[in-house]
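# Descriptive analysis of the structure
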Amino acid sequence: MVGGVMADKVTPPNDLTSTLNLRQLRAIPESVRTDELYKSLSNEQQDVVSKLPSGVGILLVLKGAGIGGRYLLDGAEVKIGRDINNEICLDDITVSRSHALVSKSDGYSIKDLGSLNGTYINAVAVRESKINPGDEVQIGKYHFTLFVGDK
């Protein structure tokens, strides 16, 4: 009692904590020269990359979900997402139905299509960005690396 009036005891709710998923935090990849990255590929992957026509790109999944996957960027635009109508269909709940669009015009660029989990280039979230050979593109749990033919 305070001054003859019963004071209500205020108890903070027990749910004032937040959860941080530390698995999602990672270092930005070090800059790796494309020739060093090429040497780290398997013989089969090196063979595929060496046979690319000049200026044609391929996304190789070197880590994460779908490791070993290869996606040729042979159109002016390549849509990536979970929906089966995309040119690159990624069957994973962390990928939006229409997640990103890769365009070829004076090199390659990527545009996030309003995805829930975002699109990342070298661990940095982007809405739209140029992609250089050797860059890592992350969409959901997939980590792609861009290689472009030089012959």
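A few points on the structure. (Residues numbered from 1 in each chain as written. Predicted model: local features only at pLDDT ≥ 70, side-chain atom pairs only at ≥ 80, totals over all residues. Heavy atoms only, no water.)

## Digging into the packing of aromatic side chains
Formally: Put simply, two rings from Phe, Tyr or Trp (the six-membered ring, in Trp's case) pair if the centres are within 6.5 Å, and we call them stacked under 30 degrees between planes, edge-to-face over 60, tilted for the rest. Under the DSSP-based scheme used, a helix requires at least four consecutive residues in state H or I and a strand at least two consecutive residues in state E, with every element numbered from the N terminus. When accessible area is computed with a 1.4 Å probe and restricted to protein chains, residues below 20% of their type maximum are described as buried, those above 50% as exposed, and intermediate ones as partly exposed.
Taken as a whole, this structure holds two aromatic pairs when the rule is applied. Between Tyr-71 and Phe-144 the ring centres are 5.7 Å apart and the planes differ by 80 degrees, which places this aromatic pair in the edge-to-face class. With Tyr-71 in strand β2 (residues 70–73) and Phe-144 in strand β11 (residues 142–148), this residue pair connects regions lying 73 residues apart in the sequence. Relative accessible area serves as the criterion here: at 0%, Phe-144 is assigned to the buried category. Relative to Phe-144, the ring of Tyr-142 lies with its centre 6.0 Å away and its plane at 10 degrees, an arrangement referred to as stacked. By way of ring pairs, the aromatic residues Tyr-71, Tyr-142 and Phe-144 are connected into one cluster.

## Some words on the nonpolar core
Worth spelling out the cut-off: Here, nonpolar core refers to any group of buried Ala, Val, Leu, Ile, Met, Phe, Trp, Tyr and Cys residues whose side-chain atoms link them within 4.5 Å. Two residues qualify as a contact provided that any one of their heavy atoms is within 4.5 Å of a heavy atom in the partner residue.
Leu-73, Leu-90, Ile-110, Ile-139 and Phe-144 are the most contacted members of the largest nonpolar core, which has 20 residues in total. Mapped onto this core, the elements with two or more residues apiece are β1 (57–64), β3 (77–81), β5 (100–104), β6 (108–112), β10 (136–139) and β11. At three residues, β11 tops the list of elements feeding residues into this core. Those residues in contact with Ile-110, other than ones at most four positions away along the chain, are Ala-100, Leu-101, Val-102, Thr-119, Ile-121, Arg-127, Glu-128, Ser-129, Ile-131, Val-137 and Ile-139. In terms of nonpolar packing, the next biggest core, distinct from the first, is built from eight residues, Leu-41, Val-49, Val-56 and Ile-58 among them.

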